[in-house]
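# Summary of the model geometry
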Protein chains: 2
Amino acid sequence: MATKETFDEHYLQEHGDMIGFSVGAPGPSTMKGCREIVIQSTNLAMRDPKREHLIFQYGPQQGDPDFRRELAAFLSKEYDDHVESDNLMVTAGATHGLHVVASTLFGEGMPVFVEDPTFFLAFKILGSDLGKTIIPVPTGENGVDLNRLEKLFEENRKKAGDKSTWKSPFWTMLYTMTVYSNPKGICSSSEHCRNLVELARKYDVLVFAEDVYNMFHFGEGKAPPRLLTYDKSDNPDYIGCVLSNGTFSKIFAPGIRLGWVEGNKSLVDILASSYMSNTAGSYNHYTSVVMGAAIQLGLLSAHLDRISSIYKTRMGLMCDALNKYLPSGCTFHRPQGGFFVWVVMPKTIDAQALQKIAIEKFRVVFIDGESTSVTGSYRNCIRLSISFSDTNQIEEGVQRLVKSMQAYMDSSEHQAVQ
Amino acid sequence: MATKETFDEHYLQEHGDMIGFSVGAPGPSTMKGCREIVIQSTNLAMRDPKREHLIFQYGPQQGDPDFRRELAAFLSKEYDDHVESDNLMVTAGATHGLHVVASTLFGEGMPVFVEDPTFFLAFKILGSDLGKTIIPVPTGENGVDLNRLEKLFEENRKKAGDKSTWKSPFWTMLYTMTVYSNPKGICSSSEHCRNLVELARKYDVLVFAEDVYNMFHFGEGKAPPRLLTYDKSDNPDYIGCVLSNGTFSKIFAPGIRLGWVEGNKSLVDILASSYMSNTAGSYNHYTSVVMGAAIQLGLLSAHLDRISSIYKTRMGLMCDALNKYLPSGCTFHRPQGGFFVWVVMPKTIDAQALQKIAIEKFRVVFIDGESTSVTGSYRNCIRLSISFSDTNQIEEGVQRLVKSMQAYMDSSEHQAVQ
């Protein structure tokens, strides 16, 4: 979720008065400490000269075994679920994981089902960059609409031909988020997840689950399990129908460009045996060795605890301020975790027009709903992120947002549609 | 050019008696020093706490400007040609560069022209992984056969439809190496390069030039310029038709997963403005910052000088030993640089059968010609790499190879085809 403008040093200097609710990336204050962690981890990773030729060589295609063991232990604790190191494959970040899966398992033009609304760049990567045919699926309060999804599978399955023409065991994939979704900030129920997996098994569909915000759980009790938990099987030959896409970008730092996909062993084996993987070796070997050391030293857990507590505070401040200041007719759901709050405004408000006023006059920026929708819906909605701006800017940012709404509602543009 | 087996620690322990002429990767002795370089470079890169939020954030889409400046200066010196930092985009290695270019500029099923023979994994990545239609082009002693290439462009151009249906300014690409090619180890002449660029301009073809061995120049005088040198224009709007694909894998270490593409500014802009690039930011930001420091400290140049001198010695030893021991009927061309020697054996010798004997009985491994050919040609050829095995193993390796040939020629299998 970078843009050239957002993270350019020049931009940060020039636009220092802007409060940023748009990007789902850590800001300077939640990246504090990364430098020290990397220094300590590098020292540990580089300690043994005998490992030099292994650290600097092409790594094993699935990723360094020591790193995968460390990551599996870390994830098992964070997810409160058993994660096998053999079920993990290293990627160069979540975007790269999506790129690898979409381009090696599926042909161009094959359909990809995406939630409506969804992560505003995902459907553009899949559609514009990678040439897939995008099919939107409506979402409700519990995630993707399963009845509609089944009908769409039925309708499109016939066009996919017989299995012999597929590049993988699947004719299509569903791009989804069942835990602290982007942009709505919601979690799907256990029952919903079970039904979704059943549907995917029935129709030979791969479910690509973005599990990038799962570790930011702010509510009582445990965080909801990732979708993959519902795709386990006692049959060792079961290939699975869910891939969990993870990244260090949110729990540590985007610049490290390190991620992983997790799936049943035989599905991960397919990905790790592509020719691309054969040529590249581990997709980001050196940074995986460094981050393996960070996990081993307990530094990643400590960092995650620190930033998660900051995000929890910010989410509380954001929701409290929205409750306090939002004009009547605006609603939102208080998320139990993740980075995003989804605000639904009255139908007469156009979020893109609002955004213009908000940026130019009130110096606050967010993502408009229309950008998150393949169908161009949700024009009256906005996505607010708590990750980038400092804690002491949250309430001020919401006040600026509300002032923007008032200025917009008083404008001739809005008066005309009333 | 990794394989799970080759670089697995277990494999290295188990197969320590094998002499490796197969992989085009540095071996333990030419990765010596990488550890120390990374330690010093990390210390420099991490010195300024004020840069923490820039190093660990999503980097700018085209790559860190400081790194690109350092890289441009380094390349300008190495290539003895002016390289603009604005013409460089960071990738996560050469494989990733190919993946990004092939999947964002071209649709699946679009034709890709590849040399016959070529890098043995390239056409499998493009064909099997990415679903392109592979069209082989014969090569001569000067590189790709230009007459044949023009005929193939003519024949296939019509099928590509009109420009409005293309994803990029090009309907196809040619995957090529004009400097120290893989597997033949040859360089194309200036005249050949000029004609190739002219052909590409005439037919709206992107030439994807793998420039990964160029800096290993062992002959007298200067190394031949990369193909991109012939695609320069005084017109700032000229988009270009050549992309140069570079990597730190050969000049430093594969595990660092860092590379670059270089092209005319407006072509690089297209790549850096994809949605994928928008999401990922710089494709390998942290490692680029570390390697930028290595260049700044002069450590990369010193390392490259050291390993280049080793490879030059090895290439001399390899060619001298081949001259001395190869049986009559075998020929090879003495390369002026790069990693590979291409040996042509008598037509009666099948390199795959030879390889079996060589590995099992004589403990030497190489790449058979058939694997490098889309058309399954070159069955009597082998590619020998000087990069992996130690200098003191080169002559012994050639002797083992020749013993394998003798054993093969004495075998009933070979007698039968005589």
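These remarks concern the structure in this document. (Residues numbered from 1 in each chain as written. Chains lettered and ligands numbered in written order. Predicted model: local features only at pLDDT ≥ 70, side-chain atom pairs only at ≥ 80, totals over all residues. Heavy atoms only, no water.)

### What to know about helix α7 (residues 122-129) of chain A
Within the sequence span of α7(A), burial applies to Ala122(A), Phe123(A), Ile125(A), Leu126(A) and Asp129(A). Buried residues in α7(A) make contact with α6 (94-105), β3 (111-116), β4 (133-140) and β6 (172-176) of chain A together with α6 (94-105) and α12 (275-280) of chain B. Backbone geometry just after α7(A) places Gly131(A) at a positive phi near 70 degrees. (Buried < 20%, exposed > 50% of the residue type's maximum accessible area, 1.4 Å probe, protein only. Helix = DSSP H or I, 4+ residues; strand = E, 2+ residues; numbered from the N terminus. Contact = heavy atoms within 4.5 Å.)

### Some remarks on the sheet that holds strand β2 (residues 88-91) of chain B
All names here are of chain B. Spatial ordering of the open sheet is given by β2-β9-β8-β7-β6-β3-β4-β5, a layout of eight strands whose pairing is mixed. The strands lining the two open edges of the sheet, one partner per strand, are β2 and β5 (143-144). Pairing between strand β6 (residues 172-176) and strand β7 (residues 205-210): five bridges, direction parallel. When the sheet's bridge partners are listed, Met173 is paired in β7 with Leu206. Seen against the sheet, helix α11 (residues 265-272) touches β2, β7, β8 (242-247) and β9 (259-262) and runs at an angle of roughly 30 degrees to β2. (Pairing = 2+ DSSP bridges. Axes fitted to C-alpha atoms, helices over the stretch in contact; angles between N-to-C directions.)

### Considering the pairing of strand β4 (residues 133-140) of chain B
All names here are of chain B. Note: strand β3 (residues 111-116) against β4, six bridges, orientation parallel. Counterpart to Phe113 in the pairing with β4 is Ile135. What joins β3 to β4 is helix α7 (residues 122-129), and the crossover it makes is right-handed. The sheet contact formed by β4 and β5 spans two bridges and is antiparallel. Within β5, the residue paired with Gly140 across the bridge is Gly143. (Right-handed = clockwise from strand over helix to strand, strands pointing away.)

### Looking at the relation of the copies chain B and chain A
Relative to chain A, chain B is turned by 180 degrees and slid 0.0 Å along the rotation axis, the superposed coordinates differing by an RMSD of 0.0 Å. Here the symmetry operator amounts to a two-fold rotation axis. Minimal C-alpha separation from the rotation axis in chain B is found for Glu108(B), amounting to 2.6 Å. (Least-squares fit on C-alpha atoms with pLDDT ≥ 70 in both.)

### Points about the pairing of strand β14 (residues 381-385) of chain B
Remark: a regular strand shows side chains that alternate across the two faces of the sheet. Residues and elements named next belong to chain B. Of all five residues that make up β14, five are buried, and the element is covered over most of its length. Of the two faces of β14, the one holding Cys381, Arg383 and Ser385 and the one holding Ile382 and Leu384 are both buried throughout. Note: strand β11 (residues 340-344) against β14, five bridges, orientation antiparallel. Residue pairing in the sheet places Val344 in a bridge with Cys381 of β14. As defined by bridge partners, strand β13 (residues 367-368) adjoins β14 across two bridges and the pair is classed as antiparallel.

### Describing the packing of helix α14 (residues 299-325) of chain B against helix α16 (residues 394-410) of chain B
Residues and elements named next belong to chain B. In the contact formed by α14 and α16, the axes pass within 9 Å of each other and the chain directions differ by 35 degrees. Considering how the two elements wind past one another, α14 and α16 form a crossing that is right-handed. Across from Arg314, Leu317, Met318, Ala321, Leu322, Lys324 and Tyr325 in α14, the residues of α16 making contact are Ile394, Glu395, Val398, Gln399, Leu401 and Val402. (Left-handed = near helix turned anticlockwise from the far one by under 90°.)

### Re the interface of chain B and chain A
Many structure descriptions define interface size as the accessible area lost when the parts assemble. Each side of the interface is counted separately: chain B has 72 residues, and chain A has 73 residues. When chain B packs against chain A, close to 6300 Å² is buried across both sides, 62% of that on carbon and sulfur atoms. When the buried surface of chain B facing chain A is broken down by residue, Arg35(B), Phe56(B) and Tyr58(B) rank first, second and third, together holding 12% of it. Between chain B and chain A we count 28 residue pairs in polar contact (both at pLDDT 80 or more) in total. Per-class residue counts for the side of chain B that touches chain A are 33 nonpolar, 24 polar and 15 charged. (Buried area = accessible area lost by both parts, 1.4 Å probe. Polar contact = N/O pair within 3.5 Å; in protein donor to acceptor, adjacent residues only side chain to side chain. Nonpolar A, V, L, I, M, F, W, Y, C, P; charged D, E, K, R; others polar.)

### Some remarks on helix α5 (residues 65-79) of chain B
All names here are of chain B. Between its terminal C-alpha atoms α5 stretches 20 Å, which fits the 21 Å expected from 15 residues at 1.5 Å a residue. Of all the positions in α5, only Phe67, Arg68, Leu71, Ala72, Phe74, Leu75, Ser76 and Tyr79 are classed as buried. Contact partners of the buried residues in α5: β2, β8, α10 (248-251), β9, α13 (285-296) and α14. (Expected span 1.5 Å × (residues − 1).)

### A few points about the packing of aromatic side chains
This structure, assessed with the given rule, holds 34 aromatic pairs over all chains. Judged by centre distance (6.3 Å) and plane angle (80 degrees), the ring pair of Phe153(A) and Trp171(A) falls under edge-to-face. Placement of the pair is Phe153(A) in helix α8 (residues 146-157) and Trp171(A) in the loop between α8 and β6, with a sequence separation of 18 residues. On the basis of an interplanar angle of 90 degrees and a centroid distance of 5.5 Å, the ring pair of Phe119(B) and Phe120(B) is categorised as edge-to-face. Across this residue pair, the class does not change: Phe119(B) and Phe120(B) are buried. Put simply, the rings of Tyr213(A), Phe216(A), Tyr311(A), Phe339(A) and Phe340(A) pair up and form one aromatic cluster. (Phe/Tyr/Trp six-rings, centres within 6.5 Å; stacked < 30°, edge-to-face > 60°.)

### What about the pattern of salt bridges?
All names here are of chain A. Applying the stated rule across the entire model yields 35 salt bridges over all chains. Here Arg201 ties to Asp231 by a salt bridge, and the two come within 3.1 Å at their closest N and O atoms. Here the residue Arg201 occupies a position in helix α9 (residues 190-203), and Asp231 occupies one in the loop between β7 (205-210) and β8 (242-247), the gap between them amounting to 30 residues. The partly exposed category is assigned to Arg201, whose relative accessible area is 38%. With relative accessibility at 0%, the residue Asp231 sits in the buried group. The partner of Lys265 in a salt bridge is Asp269, with the nearest N and O atoms 2.6 Å apart. You can see Lys265 and its partner Asp269 sitting in helix α11 (residues 265-272), four residues apart, about one turn around the helix. Residue Asp269 is classed as partly exposed on the basis of its relative accessible area, which comes to 28%. Residues joined by salt bridges that share partners form a network here, namely Asp81, Arg226, Lys232 and Glu262. (Salt bridge = Lys/Arg side-chain N within 4 Å of Asp/Glu carboxyl O.)

Function cannot be inferred from these measures alone, as they are strictly geometric.
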